[in-house]
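Given next are the chains, with one letter for each unit.
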Amino acid sequence: MARVWRVSCALIAAVLINPWTAAAADDYDTAVARAISLLPHRPEKVVLVVRANGTPLLREHLKRTEGFVTRGERVVYLVKEGETLQRALKGPGPFDCMLAVIIWHEMAHLDGADEREAMRKEERLWQQFVLQHRVSVDQGLRYLAVLRNRH
Ligand SMILES: [Zn+2]
């Protein structure tokens, strides 16, 4: 699953970034904060974007994207409508870990990793979550197989 889509910062800023209601913002902030707390180190900045605000072309590009980075910015963008983030909103659980590895994958790109290396880092962190029993072994190994099938 390609999660990175490199576009100009101006395009993202102009089309996607949009405030949402205060109550919803709290929920998103809480879910993202839980995921970030699981990471070996914190991202410099995470920004939520709204896929539905994009042009049809942009929406199509972001259809299956949950996170991405852009050139020249040390920012991890998370798509607000992304399935993992939406599931993490429901409360603490395995989706926090899944969201964490998505963020970790994008952080790897910010540090210069190509897609293959970013996937490897994502998989290594997921393995740590399994070993730490943050997710069940069954669930952990199933998701690890999904991650590995991307190669
Ligand atoms: Zn990637």
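Throughout what follows, the structure given in this document is the object of discussion. Source: prediction; values computed, not measured. (Residues numbered from 1 in each chain as written. Predicted model: local features only at pLDDT ≥ 70, side-chain atom pairs only at ≥ 80, totals over all residues. Heavy atoms only, no water.)

When its secondary structure is counted, the protein chain shows seven helices and three strands. Scanning the protein chain from its N terminus toward the C terminus, one meets helices and strands in the order α-α-β-α-β-β-α-α-α-α. For the protein chain, the share of sequence-separated contacts (at least 6 apart) that also reach a separation of at least 24 residues comes to 70%. As displayed, the protein chain offers around 7900 Å² of accessible surface, 53% of which is attributable to carbon and sulfur atoms. (Helix = DSSP H or I, 4+ residues; strand = E, 2+ residues; numbered from the N terminus. Contact = heavy atoms within 4.5 Å. Areas by Shrake-Rupley, 256 points an atom, 1.4 Å probe, with all protein chains shown as cover.)

Bringing the packing of helix H5 (residues 94-110) against helix H6 (residues 115-131) into the picture now. Two elements in contact, H5 and H6, have axes whose closest approach is 8 Å; the angle formed by their N-to-C orientations is 150 degrees. Comparing their axes, H6 and H5 come out roughly antiparallel. The interaxial crossing formed by H5 with H6 has right-handed handedness. Contacts from Pro 94, Cys 97, Met 98, Ala 100, Val 101, Ile 102, Trp 104, His 105, Ala 108 and His 109 in H5 reach Glu 115, Ala 118, Met 119, Lys 121, Glu 122, Leu 125, Trp 126 and Phe 129 in H6. Looking at side-chain class alone, the contact of H5 with H6 contains 13 nonpolar, two polar and three charged residues. (Axes fitted to C-alpha atoms, helices over the stretch in contact; angles between N-to-C directions. Parallel < 35°, antiparallel > 145°, perpendicular 65-115°, else oblique. Left-handed = near helix turned anticlockwise from the far one by under 90°. Nonpolar A, V, L, I, M, F, W, Y, C, P; charged D, E, K, R; others polar.)

Around the zinc ion, the protein contributes the donor atoms His 105 (NE2), His 109 (NE2) and Glu 115 (OE), which lie 1.9 to 2.0 Å from the metal centre. Along the chain, the residues donating to the zinc ion are arranged with the sequence spacing H-x3-H-x5-E. For His 109, a relative accessible area of 6% puts it in the buried group. When its relative accessible area of 26% is taken as the criterion, Glu 115 is described as partly exposed. (Donors = N, O, S within 2.8 Å, 3.2 Å for Na, K, Ca; no water. Buried < 20%, exposed > 50% of the residue type's maximum accessible area, 1.4 Å probe, protein only.)

Moving on, we come to the packing of aromatic side chains. Tallied over the entire structure, the rule returns three aromatic pairs. Ring plane angle 15 degrees and centroid distance 5.1 Å describe the contact between Phe 68 and Tyr 77, whose orientation is recorded as stacked. Judged by relative accessible area, Tyr 77 falls into the buried class, the value being 4%. Geometrically, the ring pair formed by Trp 126 and Phe 129 is edge-to-face, given 6.3 Å between the ring centres and 80 degrees between the ring planes. Of this pair, Trp 126 and Phe 129 both sit in helix H6, three residues apart, which is roughly one turn of the helix. There is no split in this pair, since Trp 126 and Phe 129 are both buried. Following the ring pairs from residue to residue traces out a cluster consisting of Trp 126, Phe 129 and Tyr 143. (Phe/Tyr/Trp six-rings, centres within 6.5 Å; stacked < 30°, edge-to-face > 60°.)

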